[in-house]
Amino acid sequence: MGVQETDPLSQLSLPPGFRFYPTDEELLVQYLCRKVAGHDFSLQIIGDIDLYKFDPWVLPSKAIFGEKEWYFFSPRDRKYPNGSRPNRVAGSGYWKATGTDKVITTEGRKVGIKKALVFYIGKAPKGTKTNWIMHEYRLSEPSRKIGSSRVCCRIYFSKHKKQFQLLKIFSAIYIPLNIS
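Each value, and the rule that gives it
Residues numbered from 1 in each chain as written. Predicted model: local features only at pLDDT ≥ 70, side-chain atom pairs only at ≥ 80, totals over all residues. Heavy atoms only, no water. Pairing = 2+ DSSP bridges. Helix = DSSP H or I, 4+ residues; strand = E, 2+ residues; numbered from the N terminus. Contact = heavy atoms within 4.5 Å. Axes fitted to C-alpha atoms, helices over the stretch in contact; angles between N-to-C directions. pLDDT = per-residue confidence, 0-100. Core = buried A, V, L, I, M, F, W, Y, C linked by side-chain atoms within 4.5 Å. Buried < 20%, exposed > 50% of the residue type's maximum accessible area, 1.4 Å probe, protein only.

## Here's the deal with the sheet that holds strand β6 (residues 128–139)
So, step 1. Ordered in space as β1-β2-β7-β6-β5-β4-β3, the seven strands form an open sheet in which the pairing is mixed. Whereas interior strands pair on both sides, the edge strands pair on one side only; in this sheet they are β1 (47–48) and β3 (89–90).
So, step 2. In this sheet, β6 lies alongside strand β5 (residues 109–121) in antiparallel orientation, the contact comprising nine bridges. Pairing of Y120 across the sheet is with K129, part of β6.
So, step 3. Of the strands in this sheet, β1, β2 (69–75), β4 (93–106), β5, β6 and β7 (150–157) touch helix α2 (residues 24–37), which is tilted by about 65° from β6.

Here it is in structure tokens:
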């Protein structure tokens, strides 16, 4: 006899219609701050894994909850033991930072930073860009122990890029008719 797999979602006992779409501020203040402080959550909805050990397309199966975006707590590994540079090598590729960091505030004070990253397959700098996106949230107060800081991450697959390319193609093909 095999061991029956239990559905983690059925163990959560969520009310009908439950949606989990936290704001940036809520992710930092209500979840990451509490996690770093060692507080328990009455409802475990954010998974706790080392997400840099996996390819992004494997992560949805590791998540506790989510259909189009998935949330995780993860250690923020360092590239060098005494350095501040993060190690973002993951699975068959790497996460590359894109854009500028966004400062997240609550009640007028800075609580953390949101960083956008894109997954590339292969080795840097010649990797192939994918549509997997990660928003990494970290607290502005650095952890006292080097290499042990934690982050909260939102992972999702963006189809927006392909849709935008199709719009460009269709708009180039479309020729407005002048009816006079």
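## Here's the deal with the confidence of the model for the chain
So, step 1. This prediction gives the chain a mean pLDDT of 78; 71% of its residues lie at or above 70.
So, step 2. Below pLDDT 50 for its whole length, residues 163–175 participates in zero contacts with residues either more than four positions away or in separate chains.

## Observations concerning the nonpolar core
So, step 1. Judged by nonpolar contacts, the single largest core of 16 residues is most densely connected at L51, F72, W95, M134 and I155.
So, step 2. For this core, the elements supplying multiple residues, two or more each, are β2, β5, β6 and β7.
So, step 3. By residue number, the principal contributor to this core is β7, which donates three residues.
So, step 4. Those residues in contact with I155 that sit more than four places away from it in its chain are L59, K68, E69, W70, F72, W95, W132, I133 and M134.
So, step 5. In this structure, L27, I46, Y71 and Y137 belong to the second largest nonpolar core, which totals 15 residues.

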